[in-house]
Amino acid sequence: MRQSPIIEVKSLTISYNNELILDDISFSVACGEIFMIVGGSGSGKSSLMRHMIGLETPHMGSVFIGNVDITQCADEEFQNALKKIGVLFQSSALIGSMTIGENVALPIIEFTDLPKATIANMVRMKLSLVGLECYVDHLPSEISGGMRKRAGLARAMALNPEILFLDEPSAGLDPITAAEIDELILSINRSLGTTMIIVTHELDSIFNLSQRLVMLEKSSKRIIAEGAPFELKTNSSNPMVRKFFSRRAEMKEERNKSEGSHETIIF
Amino acid sequence: MDTPIHTCDYKISANNGGGYTVRLGGNLSIETASESLKRLYSELKKASPPFYFDLTDIAVLDDYGALVLFELKHHLKISESDFHIVNPPETYKKTLSLVNFDFNARCSVTFGQPKNNIIVEFGAATIEALSNVKFMVSFIGAITLSLKNVLKRPKSLRGQDTINYMKATGVDALPVVALISFLLGLIIAFMSSLQLKQFGANIYVASLVAMAMVSELGPIMTAIVVAGRTGSAYAAEIATMKISEEIDALFSMGFNPTLFLVIPRLVAAIITIPLLTVFANFFGIAGGLLIGIAMLDLTAGAYITQTIDTLTIFELCWGLMKSLVFAILISVVGCLKGFQAQGGASAVGHAATAAVVNSIFLIILFDSVFAVIRSYIG
């Protein structure tokens, strides 16, 4: 039962200042899916996400949200495409000078004509979805990192987007809070049917949440694996992929290999 | 319990079959590394390879100790076959194996920045300057478009933000601007009176202070004070938002970052800086008045009449027009530097500094352009 893709990335090539980051990436995300972009540090996952939400223009290739190619559509179409998506940034990116409530209200005020009191109720509702209804009047600097992530999630969901982009939602959080965030993501996906695109390298989250994923790799600058996480862990033909999913170090093996040789040189 | 050893000693002896044996003993670790390296290096400089480093008597060895050996090998340019480590104690074999003596060969990338020749550097600087210009032009374009947008739909201006910025830029700056211009008026009046007194032309102190303040010093001093207070604040605020992804978040929520962040600041500056200039003029003249009354035996009435006689509407408008241009310069440069910020916390400081330096430079530059124009229109 495969639904039509809601996002399609077609032969996307990303480079900054003539330095190639990702080369010829293609994949698609089905409606209602929890899709993950995984890979080691520096593999270009965040860059890929920034291109998928139109923050940067790719070197080549295209990104379709719905039927619109956001890399080269008119401004109006682009704005419409943006209304379909919500983004939770790695640093939560709440506006520091505004309270949590004002942050969540920001897109609602801008893009709806609801009266003020109704918006205030809506904000409370959105915040209660992430369990922060008592923190409406707190500033982002006054709450913990996990709460900021949840508030950012509430803001990303303010306009009921069809697609949520989450950049490392549980990075830098303690295991319990991280698990809570995962739980929250899962429940939002189940209850609202929101398509989730999650950039992460947390193995727990990958196994708990993702239905399908693509894995990027730094040296080849391409997708080295695509599929369900458990399948990839056991069945992937690429040792690098199996290593990633079973959390084994690469350094150690290499060193052990070379150790013998350099011992003979010195001793 | 053994007392810990804190020194490293060594014995250098010539071998029968050529080369030298260095018998190291004691503590060769982070404590002694620097000193042992210096001593060993100076003594081994004269000796000839091969070298045998005998570690039999070593009591303490860590990776700093191993580094000493590595550095000796490196600096004395001992080839692989002439460098031997003899008898490392069993406990420290692990330490030695952890230290990777050929990491230089393993890294394809060189340490630090590769050195380019002057032509490459010049080219890179040119490309960077061009991309800066490109960024600036597109930024000014974005501001123009957003302004057009605001004129078409005044509701899209963020009113509350604008009022907050007006308070920060105008009301909060009033005490310092007032004090500075008052003192400035005082100084001009005092200095000019020293000269004018000799000719009995005391009353012209009033004219001089009025002209200087209204057409030149009022606008420029206000602009410089505001550039320091507000221009830097604009740059730092926007730079902070930039590096913490807040601007990306605004963009992805469908906001126009220019409309959201720049226009309220620009409007606030355009409204408040000319107003501040009016206050500056007023306080400057008040400073002159004080000197006139206290030191030059002028009456307040005569001083004020002379001031009013000297000033023309044109003069006042000219000064205000200049301060309007300065306002645009300060806010646009402040916001631009904020948006250009990239990287970590230091980028915020850099943006603030660059905003102040650039806007003060541009203020002076534009002021001289205005002076040239003025000399043509008389």
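Owing to the predicted nature of the structure, the values given are computational and were not obtained by experimental measurement. (Residues numbered from 1 in each chain as written. Chains lettered and ligands numbered in written order. Predicted model: local features only at pLDDT ≥ 70, side-chain atom pairs only at ≥ 80, totals over all residues. Heavy atoms only, no water.)

A.B. asks: Just to check I follow, could you spell out empty space enclosed by the protein for this structure?
C.D. replies: Empty space among the atoms becomes visible once a probe the size of a water molecule is rolled across them. Across all of its chains, the model carries one cavity of 30 Å³ or more by this definition. Reported here for the largest cavity is a volume of approximately 150 Å³. As for the largest cavity, its lining consists of 15 residues, of which A:Ile85, A:Gly86, A:Ala156, B:Ser252 and B:Met253 are closest to the centre. Among the secondary structure elements, those contributing two or more residues to the lining of the largest cavity are helix H2 (75-83), strand E6 (85-88), helix H3 (100-111) and helix H5 (145-156) of chain A together with helix H9 (246-252) of chain B. (1 Å grid on protein atoms, 1.4 Å probe; cavity = no way out; pocket = protein on both sides within 12 Å on 5 of 7 lines; lining within 4 Å. Points joined across faces, edges and corners; volume = space filled by probe spheres on them. Helix = DSSP H or I, 4+ residues; strand = E, 2+ residues; numbered from the N terminus.)

A.B. asks: What is the right way to look at the layout of surface pockets in this model?
C.D. replies: All names here are of chain A. Roughly 640 Å³ of volume is contained in the second largest pocket. In this structure, the second largest pocket is lined by 25 residues; those nearest its centre are Gly40, His201, Leu203, Phe244 and Arg247. Among the secondary structure elements, those contributing two or more residues to the lining of the second largest pocket are helix H6 (175-192), helix H7 (203-209), strand E9 (212-216) and helix H9 (239-245). Its residues assigned to classes, the lining of the second largest pocket shows 10 nonpolar, six polar and nine charged. (Nonpolar A, V, L, I, M, F, W, Y, C, P; charged D, E, K, R; others polar.)

A.B. asks: How should the pattern of salt bridges be read in this particular structure?
C.D. replies: Between side chains of opposite charge, pairing is possible as soon as their charged atoms come close. Residue and element names in this part refer to chain A. Evaluated as defined, the whole model comprises 15 salt bridges over all chains. For Arg222, the salt bridge goes to Asp23, with nearest N and O atoms at 3.2 Å. With Arg222 in the loop between E9 and strand E10 (223-227) and Asp23 in strand E2 (residues 19-30), this pair connects stretches of sequence that are 199 residues apart. The exposure class of Asp23 is partly exposed, given its relative accessible area of 22%. (Salt bridge = Lys/Arg side-chain N within 4 Å of Asp/Glu carboxyl O. Buried < 20%, exposed > 50% of the residue type's maximum accessible area, 1.4 Å probe, protein only.)

A.B. asks: Looking at this model, I keep getting lost on the packing of H3(A) against H5(A). Mind explaining?
C.D. replies: Residue and element names in this part refer to chain A. Between H3 and H5, the shortest axis-to-axis distance is 8 Å and the interhelical angle comes to 25 degrees. Judged on the interaxial angle alone, H5 and H3 are roughly parallel. The two elements H3 and H5 meet at a crossing, and its hand is right-handed. Along its contact with H3, which presents Ile100, Asn103, Val104 and Pro107, the element H5 presents Ala151, Ala154 and Arg155. For the contact of H3 with H5, the per-class residue count stands at five nonpolar, one polar and one charged. (Axes fitted to C-alpha atoms, helices over the stretch in contact; angles between N-to-C directions. Parallel < 35°, antiparallel > 145°, perpendicular 65-115°, else oblique. Left-handed = near helix turned anticlockwise from the far one by under 90°. Contact = heavy atoms within 4.5 Å.)

A.B. asks: Any chance you could explain helix H8 (residues 204-243) of chain B here in plain terms?
C.D. replies: Since one α-helical turn is 3.6 residues long, residues separated by three or four positions face the same way. All names here are of chain B. Over its 40 residues, H8 extends 55 Å from the first C-alpha to the last, a length consistent with the 58 Å expected when each residue adds 1.5 Å. Within H8, the axis deviates most sharply at Met213, by approximately 55 degrees. Just downstream of H8, Glu245 is the residue with a positive phi angle, here 65 degrees. (Expected span 1.5 Å × (residues − 1). Bend = angle between axes of the 7 residues up to and from the residue.)

A.B. asks: Just checking my understanding: could you explain the sheet that holds E2(A) for this structure?
C.D. replies: Hydrogen bonds between backbone groups are what pair the strands of a sheet, and the pairing can be parallel or antiparallel. Residue and element names in this part refer to chain A. Taken in spatial order, the four strands make up an open sheet running E2-E1-E4-E5, and their pairing is antiparallel. The open sheet is flanked by E2 and strand E5 (68-69), the only strands paired with a single partner. Sheet topology note: the strand E1 (residues 5-16)/strand E4 (residues 60-65) ladder contains five bridges and is antiparallel. Its bridge partner lying in E4, Thr13 is registered against Met60. (Pairing = 2+ DSSP bridges.)

A.B. asks: Please explain the nonpolar core as it appears in this structure.
C.D. replies: As a rule of thumb, soluble globular proteins bury nonpolar side chains together. A:Leu127 and A:Phe245 are the most contacted members of the largest nonpolar core, which totals 45 residues. Among the elements that line this core, the one with the most residues is H6(A), at six residues. In contact with A:Phe245, not counting residues within four places along its chain, are A:Leu203, A:Ile206, A:Phe207, A:Leu213, A:Met215, A:Leu232 and A:Lys233. Membership of the second largest hydrophobic core comes to 42 residues, among which are B:Met241, B:Leu250, B:Val267 and B:Leu329. (Core = buried A, V, L, I, M, F, W, Y, C linked by side-chain atoms within 4.5 Å.)

A.B. asks: I'm lost on the sheet that holds strand E3 (residues 51-61) of chain B in this one. Help?
C.D. replies: Residues and elements named next belong to chain B. Read from one edge of the open sheet, four strands run E1-E2-E3-E4, paired in mixed fashion. Every other strand in the sheet has two partners, leaving strand E1 (8-14) and strand E4 (83-86) as the edge strands with one partner each. Here the average twist between neighbouring strands, direction ignored, is 20 degrees.

A.B. asks: Teacher, can you tell me more about the domain arrangement of chain B here?
C.D. replies: Here the domain parsing of chain B yields domain 1 (8-106) and domain 2 (130-377). Its C-alpha centre places domain 1 of chain B at a distance of 67 Å from the equivalent point of domain 2 of chain B. (Domains from an automatic or database assignment.)

A.B. asks: Can you help me understand the packing of aromatic side chains in this one?
C.D. replies: Each pair of aromatic rings is reported with the distance of its centres and the angle of its planes. Summed over all chains, the structure comprises 14 aromatic pairs over all chains. Here A:Phe27 and A:Phe35 contribute two aromatic rings whose centre-to-centre distance is 5.2 Å and whose plane-to-plane angle is 15 degrees, an arrangement assigned as stacked. Geometrically, the ring pair formed by A:Phe244 and A:Phe245 is edge-to-face, given 5.3 Å between the ring centres and 80 degrees between the ring planes. Using a relative accessible area of 17% as the deciding quantity, one classes A:Phe244 as buried. Three or more aromatic residues joined by ring pairs make a cluster, and in this case those are A:Phe207, A:Phe230, A:Phe244 and A:Phe245. Here the guanidinium or amino end of B:Arg374 rests over the ring plane of B:Trp318, the centre of that ring lying 5.5 Å away. (Phe/Tyr/Trp six-rings, centres within 6.5 Å; stacked < 30°, edge-to-face > 60°. Lys NZ or Arg CZ within 6 Å of the ring centre and 35° of its normal.)

A.B. asks: Is there a simple way to think about the packing of helix H5 (residues 118-152) of chain B against helix H12 (residues 313-340) of chain B in this case?
C.D. replies: For any two helices packed against each other, one specifies the inter-axial angle together with the distance between the axes. Residues and elements named next belong to chain B. Following both chains from N to C, one finds H5 and H12 inclined at 120 degrees, their axes separated by 11 Å at the closest point. Relative to H12, the element H5 is oriented oblique. The handedness of the crossing between H5 and H12 comes out as right-handed. Residues Asn132, Phe135, Met136, Phe139 and Ile143 of H5 form the contact with H12, whose own contacting residues are Val332, Cys335, Leu336, Phe339 and Gln340.

A.B. asks: What should I look at first to understand the environment of B:Phe139 in this one?
C.D. replies: Residue and element names in this part refer to chain B. The topology assignment puts Phe139 in helix H5. The spacing of Phe139 and Ser375 is 236 residues in sequence and 33 Å in space, taken between C-alpha atoms. Contacts of Phe139, omitting those with residues within four sequence positions, involve Val262, Val332, Cys335, Leu336 and Phe339.

A.B. asks: Just to check I follow, could you spell out the pairing of E10(A) for this structure?
C.D. replies: Two faces make up the sheet, and in a regular strand the side chains alternate between them. Residues and elements named next belong to chain A. Examined bridge by bridge, E9 and E10 share four bridges and lie antiparallel to one another. Bridging across to E10, Val214 finds its partner in Glu226. Taken together, E9 and the strand that follows it, E10, pair antiparallel across an intervening segment of six residues, in which Lys221 is found at a positive phi of about 60 degrees.

A.B. asks: Would you explain the environment of A:Ser141 in this entry?
C.D. replies: All names here are of chain A. In this fold, Ser141 is placed in the loop between helix H4 (116-129) and H5. On the basis of relative accessibility, which here comes to 62%, the residue Ser141 falls in the exposed class. With 42 residues separating them along the chain, Ser141 and Thr99 place their C-alpha atoms 9.3 Å apart.

A.B. asks: I'm lost on the state of the cysteines in this one. Help?
C.D. replies: In a disulfide, the sulfur atoms of two cysteines are held together by a covalent bond. Residues and elements named next belong to chain A. If you walk through the whole model with that rule in mind, you get zero disulfides over all chains. With no disulfide of its own, Cys31 lies closest to Cys73 among cysteine sulfurs, the gap being 19 Å. Given a relative accessible area of 35%, Cys31 falls into the partly exposed group. (Disulfide = S-S within 2.5 Å.)

A.B. asks: Would you mind going over the pairing of E4(A) with me for this structure?
C.D. replies: Residue and element names in this part refer to chain A. Summarising the sheet, E4 and E5 pair through two bridges and their orientation is antiparallel. Note that in E5 the partner of Phe64 across the bridge is Asp69. Between the antiparallel neighbours E4 and E5 lie two residues, among them Gly66 with a positive phi of about 65 degrees.

A.B. asks: Sorry, what's going on with the side chain of B:Asn27 here?
C.D. replies: Residues and elements named next belong to chain B. Tracing the chain through its elements places Asn27 in strand E2 (residues 20-28). For Asn27, the side chain forms a polar contact with the side chain of Ser29, separated by 2.6 Å. Among the polar contacts made by the side chain of Asn27, one reaches the side chain of Glu31 at a distance of 3.4 Å. For Asn27, the residues in contact, after removing those within four places along its chain, are Ile5, His6, Thr7, Cys8, Thr32 and Val60. (Polar contact = N/O pair within 3.5 Å; in protein donor to acceptor, adjacent residues only side chain to side chain.)

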